[in-house]
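Fold and contact review
These are the residues of each chain, in order.
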Amino acid sequence: MAEIETKPKKTIYKENIPRLMQGNEACALGALAAGCRFFAGYPITPSTEIAEILSRQLPRFGGKFIQMEDEIASIAAVIGASIAGAKAMTSTSGPGYSLMQENLGYAYMAEVPCVIVNVMRGGPSTGLPTKVAQGDVMQSKWGTHGDYFPIVIVPSSVKECFDYTVKAFSLSEEYRIPVTVLSDEVLGHMREIVKLPPQEELNIVTVPKPYEPPEWYKHFEITPDFRSPMASFGEGYRFHLTGLTHDEYGFPTSSRTEIVRKLEKLRLKTMRHLDELTDVRIEMMDDAHIMIFAYGSTARAARHAIRIARKKRFKVGLIQPRIIWPFPDQIVREYLEQVDLVIVPELNQGQIIREIKRLRYRHLKIIGLNRFDGELITPQQILDKIKEERH
Amino acid sequence: MAEQVSNVTHKYLRPKKTFPNVWCPGCGIGIAMGALIRAIDTLNLNKNEVSVVSGIGCTARIPVYLDFNTLHTTHGRAIAFATGVKLANPKLNVIVISGDGDLLAIGGNHFIHAARRNIDITCILVNNYIYGMTGGQYSPTTPFAKNASTAPYGMVEQSFDPSDLAKSSGATFVARGTVYHASQLSRLMNQAISHNGFSFVEVISNCHTQYGRLNREGSAVKMIQWQKECAVSSSTAAKMTKEDLEGKFVTGKLHEVFRPEYVNEYQKIIDRFNEEDEKEEQLQES
């Protein structure tokens, strides 16, 4: 057994009592509630509050916090801790997320559960450390080298920062995969009144332990649903982990069949479960002719905008994905049949719009509303765009 | 004797799918692996409580053959992974074994910071003065003026002394051995694993395939003979002048001090909270 154990008796937060809190704080509390007992990180604006809160709270719950020498080491320590049996996470922003890509690839390959919160800021490079952007959407999908199928979550409110950090841990354990939470500078620092649910109502998943004896155990067993049980270091299973392409036992392989089986497993374990991995909020789409596709803090402005637009008799609705990778193809495709205009507001020069264009099968206007000056898109900008297109 | 040795070795090897090994005939890495196995055997450690972590390179292929909790990580990051493993499960004896390029070039930052932290990890560096797996490029330990495939006109950079670096970064146990002195090497590894804190063992090894060929140093046997001739034990070295030590290297235990160990110190914080909680519970009960 790992030394670090979840101690649910102690109160992590006051349940059902409205409180003013920051998105970053909600992430930290969500992690603790999900059973996170290890954090390794490196200071970076605008994510540092998560590290600061967890450095105070983790030892109270028997957990460990460590500030590593850089982000490369941080994610490495997180993966190491996860292999040794702790639910583990790190938080960072764009530049740190780039540094983490190498070992994130390792975690995809070695199927190690862990959670990464990326509080997005303006980029590329050092960019705009204190300003908001949504520039890492494609990095979160394609960031590391090779062929893999990530799970990425985009919350849009302080409450969702809490809920979806809990969910990130559950998905990460269930699928044995690193899960990225793409928060952003506005969400991270914005304060909202939040009422956190009782801890026993949270849906917390922990990866199942193997039931077979050690000599029968395959760390990467290919099961019918492609999700394998997981033993931890120190439990008597003595398995081998490597970033090299490996067989079901974890030993390096150059057999063509085994290579294909391994890489297909990486795809199928997420792509065979698209139903479970679709989390989309749909608003006023029933009779809509205009679809706004928005995520993260941009979705807040979009929600406000469609309410005003409806009053002005524009038939407009909102699709807001909370799990952005894998992309919700099915739902978007359904609504593309019904609408004749899609507006995609994003705090970048057009990233997720490519996915919607990929799904277009007939003539249909798909336009971006892009802002990348470090400020949020306002509801008025979205309204103006609707009016401009309809006149 | 030979039978005894192989009995011990076989107890700790994985027969399944991993042999034959990747190393060239005559390579010193196998001897370093044997020394590690014997050190663990003498300490009588539970196999389930040993974790061997490595990076990338020839030496980093060691874990796959060993029947422990083994972790073959990304290039240079072994110590960072090991830090997470050790913190999450302090019962594990965590041993990092990797090469000079892996631990000192790409992993140099992790190396000095783990030493500074004094986390209870044993770090074994097999120093063959070159990048073997990728074809003989110069490493941070390639001596000045020696040849490498990327230093065709001789090495123009200065090199690291890994043991000095470990000591000045804060490692609390530092030793150096060679693959020629295999039983001494095993003893040094034994002491390093027993030491509570960041312990470091530098293993002088031979890469006749790359380094030996590029520098005309001869066969594996000749290179291992060079180790025998140039090694000076730390007790003898203490009586020698600086001039006498020119071109030689000191072996044995080089440095040992005791400083608070990182995982223990962190545990004290957790214990303090646990005590407070117990007191609170007692108060509530009474």
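Residues numbered from 1 in each chain as written. Chains lettered and ligands numbered in written order. Predicted model: local features only at pLDDT ≥ 70, side-chain atom pairs only at ≥ 80, totals over all residues.

Description of the interface of chain B and chain A
Note the threshold: By definition, residue pairs are in contact when their C-beta atoms, positioned from the backbone, come within 7 Å. Counting from the N terminus, the helices are the DSSP runs of H or I reaching at least four residues and the strands are the DSSP runs of E reaching at least two. Residues were grouped as follows: Ala, Val, Leu, Ile, Met, Phe, Trp, Tyr, Cys and Pro as nonpolar; Asp, Glu, Lys and Arg as charged; and all remaining residues, including Gly, as polar. Two strands qualify as a pair provided that DSSP identifies no fewer than 2 bridges between them.
Listed as interface residues are 36 residues of chain B and, on the opposing side, 38 residues of chain A. Of all elements in the fold, only β2 (69-72), α3 (78-88), α5 (108-117) and α11 (262-285) of chain B reach the threshold of two or more residues within the side of chain B that touches chain A. Broken down by element, the side of chain B that touches chain A gets its largest block of residues, eight residues, from α3 of chain B. Here the residues of the side of chain B that touches chain A sort into 16 nonpolar, 14 polar and six charged. Of the strand pairs in this sheet, strand β9 (residues 240-242) of chain A and β2 of chain B are connected by three bridges, and their pairing is parallel. Counterpart to H240 of chain A in the pairing with β2 of chain B is T70 of chain B.

Observations regarding the environment of R37 of chain A
Here R37 of chain A lies in strand β2 (residues 36-41). Between the C-alpha atom of R37 of chain A and that of A86 of chain A, which follows or precedes it by 49 residues, the distance is 6.0 Å.

Observations regarding the sheet that holds strand β13 (residues 323-325) of chain A
Residues and elements named next belong to chain A. Put simply, the rule reads: Orientation is described by lines fitted to C-alpha atoms, with helices fitted over the stretch in contact, and by angles between N-to-C directions that extend from 0 to 180 degrees.
Ordered in space as β3-β2-β4-β5-β7-β6-β13, the seven strands form an open sheet in which the pairing is mixed. A strand with exactly one partner marks an edge of an open sheet, and here the two such strands are β3 (64-67) and β13. If you compare each strand with its neighbour and ignore which way they point, the axes differ by 25 degrees on average. In the sheet, β2 pairs with β3 via four bridges, with the strands oriented parallel. Following the sheet pairing, F39 is matched in β3 by F65. Each of β2, β3, β4 (87-92) and β5 (114-120) is contacted by helix α3 (residues 71-83), which is oriented at about 165 degrees to β4, the strand it contacts most.

Notes on helix α4 (residues 94-110) of chain A
Residues and elements named next belong to chain A. Worth spelling out the cut-off: Expected span of a helix: the number of residues minus one, times 1.5 Å. With C-beta atoms placed from the backbone, the exposure class of a residue follows from how many other C-beta atoms lie within 10 Å of its own: 20 or more, buried; 12 or fewer, exposed; in between, partly exposed.
Taking 1.5 Å per residue as the helical rise, α4 with its 17 residues ought to reach 24 Å, and the 24 Å between its terminal C-alpha atoms agrees with that figure. Taken together, the buried positions of α4 are occupied by G94, G96, Y97, M100, N103, L104, Y106, A107, Y108, M109 and A110. Downstream of α4 by a residue or two, E111 has a phi angle that is positive, lying close to 55 degrees.

So, the pairing of strand β10 (residues 249-256) of chain B
All names here are of chain B. The criterion, for reference: Crossovers are described as right-handed under a simple rule: with the strands pointing away from the observer, the path leading from the first strand over the helix to the second runs clockwise.
Strand direction decides the pairing type here: strand β7 (residues 173-178) and β10, joined by four bridges, are antiparallel. By the bridge assignment for β10, R176 is matched with G252. Summarising the sheet, strand β9 (residues 231-233) and β10 pair through three bridges and their orientation is parallel. Residue pairing across strands places A231 opposite F249, the latter belonging to β10. Running through helix α10 (residues 234-239), the crossover from β9 to the neighbouring parallel element β10 is right-handed.

Some remarks on unusual backbone geometry
Comment: phi is negative for the bulk of residues other than glycine, and the bulk of peptide bonds are trans. Residues and elements named next belong to chain A. Note that the residue after T45, namely P46, is joined by a cis bond; omega there is 0 degrees. In this model, W325 is joined to P326 through a cis peptide bond whose omega is 0 degrees. Mapping P326 onto the fold places it in the loop between β13 and α10 (329-336). For R176, which is not a glycine, the phi torsion comes out positive at approximately 50 degrees.

Topic: the domain arrangement of chain A
Much of the literature gives interface size as the accessible area that the parts lose upon coming together. Residues and elements named next belong to chain A. The cut-off we apply is this: Where each domain starts and ends follows an automatic or database-derived domain assignment.
When its domains are assigned, chain A resolves into domain 1 (19-201) and domain 2 (281-390). For domain 1 versus domain 2, the separation of C-alpha centres amounts to 27 Å. At the interface, 24 residues of domain 1 touch 21 residues of domain 2. Broken down by element, the residue count for the side of domain 1 that touches domain 2 peaks at three residues, all from strand β6 (residues 151-153). Residues of the side of domain 1 that touches domain 2, tallied by class, amount to 16 nonpolar, five polar and three charged.

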